[in-house]
Amino acid sequence: DAKTTQPNSMESNEEEPVHLPCNHSTISGTDYIHWYRQLPSQGPEYVIHGLTSNVNNRMASLAIAEDRKSSTLILHRATLRDAAVYYCILRDTTLNSGGSNYKLTFGKGTLLTVNP
Amino acid sequence: GAGVSQSPSNKVTEKGKDVELRCDPISGHTALYWYRQSLGQGLEFLIYFQGNSAPDKSGLPSDRFSAERTGGSVSTLTIQRTQQEDSAVYLCASSWVEGTSGYTFGSGTRLTVV
């Protein structure tokens, strides 16, 4: 899987927007950009994913650079419940000789702290 | 069920004993994955199932680890002759087959080997 680079940690204030960056300069044309988050003592939770166009859902927005070498996860109004580790992951969806394998390879992610 | 269910949620076992961890994926999800997370560490991929077959077992740390999936649904991860370094949270996830949708993770099984 292509690698991603994220800051180790970020801080935000409650009710302010948060922009979490991710660099993926070696992304290939078939890689989807996935974001997950992991709250303390819980399993990871899917947040959003996209390929080329910006995406919005009830949890967040994903802004993808035109060259796809970077992306930004946007939380529009941070709450204390958004404090978590956020993972940016590239997921290759091409078939290989062994069949398809869409496993996610997790890095260290960004630890987001939200201040009241 | 509505989510991925894992049992037990906590397991304490003595070194050398065998343990079985169970994962019940979302109905209809043909892809199933096992990961583990040691204290303060990231997620480590163990094995991937597509239906009942496991095309990628590359993450299993040793031959003490095995997994099976039956009926394209429930999966069991078995650790034989447990060691203290096996202590971790074992997480299961499932997804649709096409690979472009997100995974749903269970809450995990916290395994402690004493």
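In short, a report on the structure.

Cut-off values and rules
Residues numbered from 1 in each chain as written. Chains lettered and ligands numbered in written order. Predicted model: local features only at pLDDT ≥ 70, side-chain atom pairs only at ≥ 80, totals over all residues. Heavy atoms only, no water. Contact = heavy atoms within 4.5 Å. Buried area = accessible area lost by both parts, 1.4 Å probe. Salt bridge = Lys/Arg side-chain N within 4 Å of Asp/Glu carboxyl O. Polar contact = N/O pair within 3.5 Å; in protein donor to acceptor, adjacent residues only side chain to side chain. Helix = DSSP H or I, 4+ residues; strand = E, 2+ residues; numbered from the N terminus. Nonpolar A, V, L, I, M, F, W, Y, C, P; charged D, E, K, R; others polar. Disulfide = S-S within 2.5 Å. Buried < 20%, exposed > 50% of the residue type's maximum accessible area, 1.4 Å probe, protein only.

### Details of the interface of chain A and chain B
- Listed per partner, the contact involves 18 residues of chain A and 22 residues of chain B.
- When chain A packs against chain B, the two sides together hide about 1,600 Å² of surface, and 49% of this comes from carbon and sulfur.
- The interface formed by chain A and chain B holds 0 salt bridges in total.
- Where chain A packs against chain B, one counts 5 residue pairs in polar contact (both at pLDDT 80 or more).
- Among the elements of the structure, strand 3 (31-38), strand 4 (45-50) and strand 8 (84-92) of chain A are those that each provide at least two residues to the side of chain A that touches chain B.
- At 4 residues, the largest contribution of residues to the side of chain A that touches chain B is made by strand 3 of chain A.
- Here the residues of the side of chain A that touches chain B are counted per class, giving 8 nonpolar, 8 polar and 2 charged.

### Quick word on the state of the cysteines
- Tallied over the full model, the rule gives 2 disulfides over all chains.
- A sulfur-sulfur separation of 2.1 Å characterises the disulfide bridge that pairs C22 of chain A with C88 of chain A. Of note, the bridge from C22 of chain A to C88 of chain A carries an S-S torsion of about -85° and is left-handed in sense. Here C22 of chain A is found in strand 2 (residues 18-23), whereas its partner C88 of chain A is found in strand 8, with 66 residues between them in sequence.
- The class for C88 of chain A is buried, based on a relative accessible area of 1%.
- Here C23 of chain B pairs with C92 of chain B through a disulfide, and the sulfurs are 1.8 Å apart. On the sign convention where negative means left-handed, the S-S torsion of about -65° between C23 of chain B and C92 of chain B marks this disulfide as left-handed. Highlighted residues: C23 of chain B in strand 3 (residues 19-24) and C92 of chain B in strand 9 (residues 88-95), separated in sequence by 69 residues.

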